[in-house]
Amino acid sequence: MGNCTSQSCSPMNFSKKTRKKSLPIETMFKLPSPLPTWPPGEGFASGTIDLGGLEVCQVSNFTKIWAAHEGGPGNLGATLFEPSQLPEGFFMLGCYAQPNSLPLFGRVLAGKDVTSGLSNGALKPPTDYTLVWSSESLKIKQDSNGYFWLPTPPNGYRAVGQVVTSSPEKPPLEKIRCVRSDFTDVCESESWIWGQGKEINSNGFNIHSLRPTVRGVQALGLPAGTFVAQNGEGAPPLTCLRNSKANFSAMPNLSQIQALFQAYSPWIYFHPDEQYLPSSVSWFFEHGASLYKRGEESKPTPIEPTGSNLPQGGSNDGAYWIDLPMDKAAKEEVKKGNLQGAGVYLHVKPTFGATYTDIATWVFYPFNGPARAKVEFINVSLGKIGEHVGDWEHVTLRISNFNGELNAVYFSEHSGGMWVSSPELEFQGGNKPVTYSSLHGHAFYPKAGLVLQGSDGIGIRNDMGKGKMVLDAGGRFLVVAAEYLGPSSVVEPPWLNYAREWGPKIEYSLEDELKKVEKILPGKLKSKFEKTVGSLPEEVLEEEGPTGPKMKDNWSGDER
């Protein structure tokens, strides 16, 4: 290919003798619509990124080396690839591995030495290889025998990837490059790619993807897109890369941020029975939300539309909180939200050493409704459990700074969440991912249906549905923070720096509420229900309003 980020790549030639049914990986995934031409800028979507003497690019053309047709996720096996058609001057840093259960969506980095040092450059070939594992003795469905090799780096260098061959002979030393230590960072295993069984065996041979151990806005480590193959547990014998340049030249500017969000802004669907919809923050303030101060509870203060009279900074010390209007009718009206005028609030931040951009997309709800439980065959309301004033939820778009392609979406779900890669997403209207807000609790999920938070058929219901109520996030959005652009580029609204809670503590007895539920349960289910509720995260049973987006640990760190 002419450059590292070409989107045109023909699917691999897979042998179908071993397996008649076609596998998902035999199809190369592409976003539904072609990538647009992004507005001009410094280094965003230029195809390569300089890490301070090591130039890297993404390669999406591959040659298949080995495949297993059983084991791993879904018992569908995995396929191992070698990057091919590297641009002139670039070298392979490692092979690529992917489960067969997904369409091919491979991106692996290749490196080019752009340092001035002749003897101490950014890249060097290994001095030898160690055979980590081979499939020779396995009686599994495989295309051929596979051999996994760990490069032995020269002194002062580290390996960031491994080599896979279909021959027992050691690969040529020129096959791969090791990276100078100052361009590397500590890494850890992430997702399971393959093992011999249907489930991971920590004592056996496994293949995992890799990610930097330290992640967040200030962290400089970045994954090379390679994998680690090893026997048993233990720290990976590999490293990730590191942006030793530590600058933001590949990050998008404001006009590029606007274009990115217009291209990838999510559709947010609400359950047909949802009573508590989002609103804008200004609507919430303008319709009677008030600021309360400890010791002066009888004198609440109306809040300005921008939150300009909210206390700024500090910590969540309980000295202040926000509550709904005192008037009963107004209170019930505000609880419902205002979908027509609602929008989203964007926090744009660097991740993986500024080689990716995260766009955290925040949604505000005036009220979080009561939780509902499923106790085997019985569905019950949990009364006041789960209710609280003020609810902040988010999805995060992870975008490659090499070409502006959407790589994955993070769905926040109560106290945690999950990353979903682009091939697993539902799209609507081009490259816009579809998200679903759960009934009353507003956790985000990638699919409609029921997700039960619990075990053995007992737990909190998360119901998602595709009704008529939907929010097009691209229709009304506001960039509230992008610190890497400098303090004058984005003016943060005052409400963003309010550090206290967006709702009061709702006074009720959790024990009493649970007893109400247990009264309608058959005897054998009562103890099971109690045990399940006791294992749930506090956020699900929350009685207090949350703090705002800037007070969350993912504001400067990675998603949970």
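Thresholds, definitions, all that
- Residues numbered from 1 in each chain as written.
- Predicted model: local features only at pLDDT ≥ 70, side-chain atom pairs only at ≥ 80, totals over all residues.
- Heavy atoms only, no water.
- Helix = DSSP H or I, 4+ residues; strand = E, 2+ residues; numbered from the N terminus.
- Rg over C-alpha atoms; globule rule 2.2 N^0.38 Å.
- Buried < 20%, exposed > 50% of the residue type's maximum accessible area, 1.4 Å probe, protein only.
- Contact = heavy atoms within 4.5 Å.
- Areas by Shrake-Rupley, 256 points an atom, 1.4 Å probe, with all protein chains shown as cover.
- Lys, Arg positive; Asp, Glu negative; His and termini not counted.
- Charge placed at Lys NZ, Arg CZ, Asp CG, Glu CD.
- Phe/Tyr/Trp six-rings, centres within 6.5 Å; stacked < 30°, edge-to-face > 60°.
- Polar contact = N/O pair within 3.5 Å; in protein donor to acceptor, adjacent residues only side chain to side chain.
- Salt bridge = Lys/Arg side-chain N within 4 Å of Asp/Glu carboxyl O.
- Pairing = 2+ DSSP bridges.
- pLDDT = per-residue confidence, 0-100.
- Core = buried A, V, L, I, M, F, W, Y, C linked by side-chain atoms within 4.5 Å.
- Axes fitted to C-alpha atoms, helices over the stretch in contact; angles between N-to-C directions.
- Arc of directions from axis to C-beta.

Observations regarding the overall build of the protein
When helices and strands are counted, the protein shows five helices and 36 strands. Whereas a compact globule of 560 residues would reach a radius of gyration of roughly 24 Å, the protein reaches 26 Å, a difference of no more than 12%. In terms of its C-alpha atoms, the protein occupies a principal-axis envelope of roughly 80 × 60 × 40 Å. Within the span of the protein, comprising 560 residues, buried residues form 56% of the whole. Counting contacts in the protein only where the partners sit at least 6 residues apart, residues at least 24 apart contribute 69% of the total. Accessible surface computed for the protein: about 23000 Å², of which carbon and sulfur atoms make up 49%. Both charge centroids of the protein, one from 52 positive and one from 59 negative side chains, sit 5 Å from each other.

Considering the packing of aromatic side chains
All chains considered together, the criterion is met by 35 aromatic pairs. Both rings, one in Trp-495 and one in Trp-502, keep their centres 6.1 Å apart while their planes meet at 85°; by these two values the pair is edge-to-face. Trp-495 gets classed as buried once you look at its relative accessible area, which sits at 5%. Look at Trp-502 and you get buried, because its relative accessible area is 0%. Connected via pairs of aromatic rings, a cluster forms that spans Phe-284, Phe-285, Tyr-345, Trp-362, Phe-364, Trp-392, Trp-495, Tyr-498 and Trp-502.

Notes on the side chain of Thr-79
Along the chain, Thr-79 falls in strand β4 (residues 78–83). Judged by its relative accessible area of 0%, Thr-79 falls in the buried class. Polar side-chain contacts of Thr-79 include one of 2.6 Å to the side chain of Asn-100.

Observations regarding the pattern of salt bridges
Using the criterion set out here, one finds 22 salt bridges in the structure. Across the salt bridge formed by Asp-50 and Lys-245, the nearest N and O atoms sit 3.9 Å from each other. Taken together, the residues span a long stretch of sequence, with Asp-50 in strand β1 (residues 48–50) and Lys-245 in the loop between β19 (240–242) and α1 (254–264) at a distance of 195 residues. The exposure class of Asp-50 is partly exposed, given its relative accessible area of 31%. With a closest N to O distance of 3.1 Å, Arg-215 and Glu-188 form a salt bridge. Of this pair, Arg-215 sits in the loop between β16 (205–212) and β17 (221–222) while Glu-188 is found in strand β15 (residues 187–195), placing the two residues 27 residues apart along the sequence.

Thoughts on the pairing of β16
Both faces of the sheet carry side chains from a regular strand, because those side chains alternate between them. Summarising burial for β16: seven of the eight residues are buried, a large majority. Relative to β16, β15 runs antiparallel, the two sharing six bridges. Each residue of the ladder has a partner; that of Ser-189, found in β16, is Leu-210. Here five bridges tie β16 to strand β18 (residues 227–231), and the two strands are oriented antiparallel to one another. Looking across to β18, one finds that Ile-207 is bridged to Ala-229.

Considerations on the confidence of the model for the protein
Of all residues in the protein, 92% attain a pLDDT of 70 or more, and the chain-wide mean is 91. Considering only residues more than four positions removed or in separate chains, one finds that residues 5–19, a stretch of pLDDT under 50, has 38 contacts.

Some points on the sheet that holds strand β22 (residues 301–302)
The strands that make up a sheet pair up through hydrogen bonds in the backbone, lying either parallel or antiparallel. Ordered in space as β22-β21-β23, the three strands form an open sheet in which the pairing is antiparallel. The open sheet has two edge strands with one neighbour each: β22 and β23 (320–323). Pairing of strand β21 (residues 290–293) with β22, which is carried by two bridges, proceeds in the antiparallel orientation. Bridging from a neighbouring strand, Leu-291 pairs with Thr-301 of β22.

Brief notes about the nonpolar core
Grouped together as the largest cluster of nonpolar side chains are 39 residues, with contacts concentrated most on Phe-261, Tyr-264, Val-344, Ile-359, Leu-397 and Leu-406. Breaking this core down by element, the ones donating at least two residues are α1, β20 (267–270), β24 (344–351), β25 (356–368), β28 (388–400), β29 (406–413) and β36 (477–481). Of the residues forming this core, the biggest block, five residues, is contributed by α1. In contact with Leu-397, other than residues within four places in its own chain, are Phe-261, Tyr-264, Thr-357, Asp-358, Ile-359, Thr-361, Leu-406, Ala-408, Val-409 and Pro-433. In terms of nonpolar packing, the next biggest core, distinct from the first, is built from 34 residues, Trp-66, Tyr-147, Phe-148 and Ile-207 among them.

Thoughts on the sheet that holds strand β3 (residues 62–68)
On the basis of which strands lie adjacent, the open sheet formed by three strands has the order β3-β4-β6 and antiparallel pairing. Every other strand in the sheet has two partners, leaving β3 and β6 (96–99) as the edge strands with one partner each. Sheet twist, expressed as the average angle between the axes of neighbouring strands with direction ignored, equals 25°. The pairing of β4 with β6 spans four bridges and is antiparallel. Within β6, the position partnered with Thr-79 by the bridge is Gln-98.

Comments concerning α1
Residues Gln-256, Ile-257, Leu-260, Phe-261, Ala-263 and Tyr-264 constitute the buried set of α1. Projected onto a plane normal to the axis of α1, the buried residues spread over an arc of 160° and lie on a single side.

A look at the environment of Lys-374
Within the fold, Lys-374 resides in strand β26 (residues 372–375). You can call Lys-374 partly exposed: its relative accessible area is 22%. When sequence neighbours within four positions are dropped, the list of residues in contact with Lys-374 reads Asn-379, Leu-450, Leu-452, Gly-457, Ile-458, Gly-459 and Arg-461.

What about the side chain of Ser-209?
Counting through the fold element by element, Ser-209 comes out in strand β16. Once residues within four sequence positions are removed from consideration, Ser-209 is found in contact with Glu-188, Ser-189, Glu-190, Ser-191, Ile-193, Thr-226 and Phe-227.

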